[in-house]
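Each chain, written out:
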Amino acid sequence: MTYDDTNIFARIIRGELPCHKVWEDASTLAFLDIMPMTRGHTLVLPKARATSIYDVSGDDLQATIAIVRRIAMAAKSAFAADGVTIQQFNEAASGQSVFHLHFHILPRWTDVP
Ligand code: 5GP
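Here is what the cut-offs are and how they apply
- Residues numbered from 1 in each chain as written.
- Predicted model: local features only at pLDDT ≥ 70, side-chain atom pairs only at ≥ 80, totals over all residues.
- Heavy atoms only, no water.
- Core = buried A, V, L, I, M, F, W, Y, C linked by side-chain atoms within 4.5 Å.
- Buried < 20%, exposed > 50% of the residue type's maximum accessible area, 1.4 Å probe, protein only.
- Helix = DSSP H or I, 4+ residues; strand = E, 2+ residues; numbered from the N terminus.
- Contact = heavy atoms within 4.5 Å.
- Near = heavy atom within 4 Å.
- Polar contact = N/O pair within 3.5 Å; in protein donor to acceptor, adjacent residues only side chain to side chain.
- Nonpolar A, V, L, I, M, F, W, Y, C, P; charged D, E, K, R; others polar.

Trainee: I'd like a description of the nonpolar core, backed by residues and values.
Mentor: Within the largest apolar cluster, twelve residues are counted, these being A30, V44, A50, V56, I67, V68, I71, A72, A75, L101, F103 and I105. Taken together, the elements giving at least two residues each to this core come down to α2 (58-78) and β5 (103-108). With five residues, the single largest contributor to this core is α2. If near-sequence neighbours (up to four positions away) are discounted, I105 is found in contact with G40, H41, T42, V44, V68, I71, A72, A75, V84, T85 and I86. Core analysis: the next-biggest nonpolar cluster, separate from the first, contains seven residues, F9, L29, F31 and L43 among them.

Below, the structure is given as structure tokens:
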């Protein structure tokens, strides 16, 4: 799949659209999901042009996954979560709807389905 520079996350990265920013550094960005599945639902993405896990560089993936871990631990603490689910989809058949690689961080609580 060819990367589409007009996808919604590319526009957020360029600052053309707003977001509730949780983390930003030279290679990664994290912000709250607009339709949260749980409290604290956060998306973490590389700034590099990658549609999915298939076309991201090793360096960008490494930088992104380090921030995934950091945000997962911060979200667990901030939201007093009992656990954290991490999700990542590749291609429409898997459930991907925005075609810029991203990881979902979902704080979870015991007995909350
Ligand atoms: P996917 O199914 O591609 O893994 O998930 C895309 C996610 O992006 C969804 O959870 C959706 O709610 C979120 N999303 C879509 N558009 C926007 C937006 O404009 N801003 C933010 N913050 N999240 C978005």
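Once you've had a look at it, read on.
Trainee: An account of the site of the ligand is requested, with residue identities and associated values reported.
Mentor: Taken together, 16 residues sit near the ligand, with D33, G95, S97, H102 and H104 positioned nearest. Here an oxygen atom of the ligand sits 2.8 Å away from a polar atom, N or O, in the main chain of G95. Between H102 and the ligand, the recorded distance is 2.7 Å, taken from a side-chain N or O atom to an oxygen atom. Those elements that provide at least two residues to the shell around the ligand are α1 (8-13) and β2 (28-32). In terms of residue count, α1 provides more of the shell around the ligand than any other element does, three residues in total. When grouped by side-chain class, the residues that make up the shell around the ligand number ten nonpolar, five polar and one charged.

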